[in-house]
Amino acid sequence: MNHAVPRKIASLLAVLMMMAIMLPAMAFAATDSSAASTNESVSDSVYTDVYNVNDDVYAEVTFEDLASHWAQTDIELLAGKGLISGATASEFQPDRTITRAEFAALIVRSIELPSVTTSTYFTDVNESAWYADTVASAVYAGIINGYEDNTFRPNDSATREELAAVIIRALDYVQISAHVPQAAQDKLLSGYTDANEVVWAHQELAAALNAHLINGVTDNQLGSSKPATRAEAAVLLKRFLKLADRL
């Protein structure tokens, strides 16, 4: 009996020693497994966040009235990226003229101008109008102007001359210079028989022509005073975004 007791005590001590050795190892394994699970979860979250804000995200958008239209590819590209929208869910109405307010909104959205909420700029821009903030933002950034009588005329059709001026100012805003010297300006405009119809934006039109942002309406007609269409505005915007490395 006296020999049996020490043996039992020795066996008990051996078991306790084994447990003391194994418990830390078991605890580490559990912690490591938890950490691996956490890391996997974080990794998935980061991947999802990066994927969601990826500039390459694109949804295919088509409009029934664009079939075989000369501007179809550019319009659908911008629509797929959420930069422009149709007049309805199924129609873009590419040959309808674009208003000054509509084009101001396109520019503000495309270069993400800071929001300006003010109605003090023009007497004909009501602060409740859908375009009030975008017009204010574009004016504050120096991209678009109103008229000498303190009106903006938001619902007037934008002319091709106005579009050229706005797009060159937008390039200036994103710090890309497209201006050309006076001699080059004269040469660029002299190729069009209606260049004398340009009212004030000679420099901007020449710069837009030189940068291949706009073309004449024919080989020898610039059409600067013509109302611009929604298709022309979309193509101009796409070329601008490409030149500014934003598309």
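Everything that follows concerns the structure shown earlier in this document.
All values derive from a computational prediction rather than experimental measurement.

So, unusual backbone geometry
Although it is not a glycine, Ser68 sits at a positive phi angle of roughly 70°. You can see Ser68 is positioned in the loop between α1 (4–52) and α2 (72–80). By relative accessible area, which is 76% here, Ser68 ends up exposed. With phi around 65°, Asn150 is a residue other than glycine that occupies positive phi space. The class for Asn150 is partly exposed, based on a relative accessible area of 35%.

Re the nonpolar core
Core analysis: the biggest nonpolar cluster contains 61 residues, and Ile75, Ile84, Phe103, Ile107 and Phe240 have the highest contact counts within it. Elements with a minimum of two residues in this core: α2, α3 (100–110), α4 (132–140), α5 (160–173), α7 (202–210) and α8 (230–243). In terms of residues, this core owes the most to one element, α8, which gives eight residues. Apart from the residues within four sequence positions on either side, Ile107 is in contact with Ile143, Val166, Ile167, Ala170 and Leu237.

Brief notes about the packing of α2 against α8
Between α2 and α8, the shortest axis-to-axis distance is 9 Å and the interhelical angle comes to 70°. Overall, the two elements α2 and α8 adopt an arrangement that is roughly perpendicular. α2 and α8 meet at a crossing whose hand is left-handed. Between α2 and α8, the residues in contact are Asp74, Ile75, Leu77 and Leu78 and Ala231, Ala234, Val235, Leu237, Lys238 and Leu241, respectively. Across the contact of α2 with α8, the residue classes break down as eight nonpolar, no polar and two charged.

Describing the packing of aromatic side chains
Taken as a whole and judged by the stated rule, the model has three aromatic pairs. The interplanar angle of 50° and the centroid separation of 5.6 Å between the aromatic rings of Phe63 and Phe92 together place this pair among those described as tilted. Taken together, the residues Phe63 in the loop between α1 and α2 and Phe92 in the loop between α2 and α3 connect sequence positions 29 residues apart. Consider the rings of Trp130 and Tyr131, whose centres lie 5.3 Å apart with planes at 85°: the pair is edge-to-face.

A word on the packing of helix α6 (residues 182–190) against α7
Two elements in contact, α6 and α7, have axes whose closest approach is 9 Å; the angle formed by their N-to-C orientations is 75°. If you check the angle between α6 and α7, you find them roughly perpendicular. Between α6 and α7, the residues in contact are Gln185, Leu188 and Leu189 and His202, Gln203, Leu205, Ala206, Leu209 and Asn210, respectively. Residue composition of the contact of α6 with α7, by class: five nonpolar, four polar and no charged.

Basis of the calculations
Think of each chain on its own: its residues are numbered from 1, step by step along the sequence as written. Side-chain atom pairs in this predicted model are given and counted only at pLDDT of 80 or more, local residue features only at pLDDT of at least 70, and totals for whole chains, interfaces and linings cover all residues. By convention in this description, side-chain values take in all heavy atoms of the structure and omit both hydrogens and water. Note on conventions: DSSP H or I runs of at least 4 residues are helices, E runs of at least 2 residues are strands, and numbering of each starts at the N terminus. Accessibility here uses a 1.4 Å probe with only protein chains present; expressed as a share of the type maximum, an area under 20% marks a residue as buried, one over 50% as exposed, and anything in between as partly exposed. Nonpolar cores are built from buried Ala, Val, Leu, Ile, Met, Phe, Trp, Tyr and Cys residues. Side-chain atoms within 4.5 Å join them into one set. Note on contacts: a residue pair qualifies if any of its non-hydrogen atoms lie within 4.5 Å across the two residues. Interaxial angle, 0 to 180 degrees, is taken between N-to-C directions of lines fitted to C-alpha atoms, where a helix line uses only the stretch in contact. Orientation labels follow simple angle bins: below 35 degrees gives roughly parallel, above 145 gives roughly antiparallel, 65 to 115 gives roughly perpendicular, and whatever is left gives oblique. Crossing handedness is read from the near helix: turned anticlockwise from the far helix by less than a right angle, it gives a left-handed crossing, and turned clockwise, a right-handed one. Side-chain classes are defined by residue name, with Ala, Val, Leu, Ile, Met, Phe, Trp, Tyr, Cys and Pro counting as nonpolar, Asp, Glu, Lys and Arg as charged, and the others, Gly among them, as polar. Any two of the Phe, Tyr and Trp rings considered here, Trp counted by its six-membered ring, make a pair once their centres fall within 6.5 Å; the pair's planes then place it as stacked at under 30 degrees, edge-to-face at over 60, or tilted in between.

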